[in-house]
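# Breakdown of the fold
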Amino acid sequence: KNEVEQSPQNLTAQEGEFITINCSYSVGISALHWLQQHPGGGIVSLFMLSSGKKKHGRLIATINIQEKHSSLHITASHPRDSAVYICAVTVGGADGLTFGKGTHLIIQP
Amino acid sequence: DAGVIQSPRHEVTEMGQEVTLRCKPISGHNSLFWYRQTMMRGLELLIYFNNNVPIDDSGMPEDRFSAKMPNASFSTLKIQPSEPRDSAVYFCASSFLWTEAFFGQGTRLTVV
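A brief report on the enclosed structure follows. From a predicted model like this one, the values you see are computed outputs, not experimental measurements.

### Notes on the overall build of chain A
Scanning chain A from N- to C-terminus turns up zero helices and 11 strands. For 109 residues, the compact-globule estimate of 2.2 N^0.38 gives 13 Å, and the C-alpha radius of gyration of chain A, at 13 Å, lies within 12% of that figure. Overall, chain A is about 40 × 25 × 20 Å in size when its C-alpha atoms are taken along their principal axes. Split into buried and exposed, the 109 residues of chain A put 48% on the buried side. Within chain A, contacts between residues separated by at least 24 positions form 55% of all contacts whose residues are at least 6 apart in sequence. Of the roughly 5,100 Å² that chain A leaves accessible, carbon and sulfur atoms contribute 52%. Taking the average place of the 8 positive charges on the side chains of chain A and the average place of its 7 negative ones, the gap between the two points comes to 6 Å.

So, in structure tokens, the structure goes:
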């Protein structure tokens, strides 16, 4: 079974700061997902990646397959980025996700 | 498309009662997943279907839990009898082949 570890568990930062959330996993994967969960509870997929780097707006996700590690970066953070960010992996192509515990991010104005 | 639709959004029931959660996946998606989220254990996969066929139900906690997908546009997760420890948020998600998963808004279940 794949173990997915995230760090930090909690992060409070000031508006405008550069944010990094880390994720490591124990077993080879087919894909890694970054998800966002807002206080209302809904879960949104931010990225799905299996190699390299992806960028969407102020969000950047990278993955190093050899080191079994991924990072999610937020540039110019804003209070609306406050949410729980969850890393998840799949081993087989269409398998279900195995989740990390999440990182609770608060961006203060 | 309206996205993945779950019903009900909230359910409060008494211990011992049967609970049925419903999910309508995004049209055209061929994989459907049921997840459970609790404070203690976070998000966990319960069961998933590919092309309406259950592939892996190893995450289903007990025989009290069952899931069906009678057609490509509907799935149910049933708990019978329900217990207080089943209280959680249950998410349904769907995807097409190996692409990203889309989540429903979840059903918050409280068993008293």
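Next comes the rest of the write-up.
### Here's the deal with the state of the cysteines
What the rule picks out here adds up to two disulfides over all chains. The side chain of Cys23 of chain A participates in a disulfide bridge whose partner is Cys87 of chain A; the two sulfur atoms lie 1.9 Å from each other. Between Cys23 of chain A and Cys87 of chain A, the S-S dihedral sits near -65°, and the bridge is therefore left-handed. Of this pair, Cys23 of chain A sits in strand 3 (residues 19-25) while Cys87 of chain A sits in strand 9 (residues 83-90), and the two are 64 residues apart along the sequence. No difference in accessibility class separates Cys23 of chain A from Cys87 of chain A, as the two residues are buried. Here Cys23 of chain B engages in a disulfide with Cys92 of chain B; their sulfurs sit 1.9 Å apart. Its S-S torsion of about -65° marks the bond between Cys23 of chain B and Cys92 of chain B as left-handed, since a negative value means left-handed. Here Cys23 of chain B is found in strand 3 (residues 19-24), whereas its partner Cys92 of chain B is found in strand 9 (residues 88-95), with 69 residues between them in sequence. Of the two residues examined, Cys23 of chain B and Cys92 of chain B, each falls in the buried class.

### With respect to the sheet that holds strand 3 of chain B
Residue and element names in this part refer to chain B. With antiparallel pairing, four strands are arranged side by side in an open sheet as 1-3-8-7. Because the sheet does not close on itself, it has two edges, and the strands there are strand 1 (5-7) and strand 7 (65-71). Each strand axis lies, on average, 15° off the axis of its neighbour in the sheet, ignoring direction. With three bridges joining them, strand 1 and strand 3 adopt antiparallel strand pairing. Bridge pairing in strand 3 places Ser7 opposite Arg22.

Calculation notes
Residue positions within a chain follow its written sequence, with the count starting from 1. Chain labels run from A onward and ligand labels from 1 onward, assigned in the order the entries are written. Restriction of local features to residues with pLDDT of at least 70 applies here, the model being predicted, together with a cutoff of 80 or more for giving and counting side-chain atom pairs; totals for whole chains, interfaces and linings are based on all residues. The side-chain values count all of the structure's non-hydrogen atoms but skip hydrogen atoms and water molecules. By the criteria applied, helices consist of DSSP H or I runs no shorter than four residues and strands consist of E runs no shorter than two, each listed in order from the N terminus. Our radius of gyration is a C-alpha quantity, and the globule rule it is checked against amounts to 2.2 Å times the number of residues to the power 0.38. Only protein chains enter the accessibility calculation, which uses a 1.4 Å probe; a residue whose area is less than 20% of its type maximum is buried, one above 50% is exposed, and one in between is partly exposed. Working rule for contacts: check all heavy atoms of both residues, and any pair within 4.5 Å makes them a contact. With residues, only the protein chains shown are counted as cover, and all accessible areas are computed by Shrake-Rupley using a 1.4 Å probe. A residue counts as positive if it is Lys or Arg and as negative if it is Asp or Glu; His and the chain ends are not included. A single reference atom marks each charge: NZ on Lys, CZ on Arg, CG on Asp, CD on Glu. Two cysteine sulfurs form a disulfide in these notes if their separation is within 2.5 Å. Here a strand pair is declared whenever DSSP counts at least two bridges between the two strands. Under this scheme, a helix contributes an axis fitted over its contacting stretch, all axes are lines through C-alpha atoms, and angles between N-to-C directions fall in the 0 to 180 degree range.

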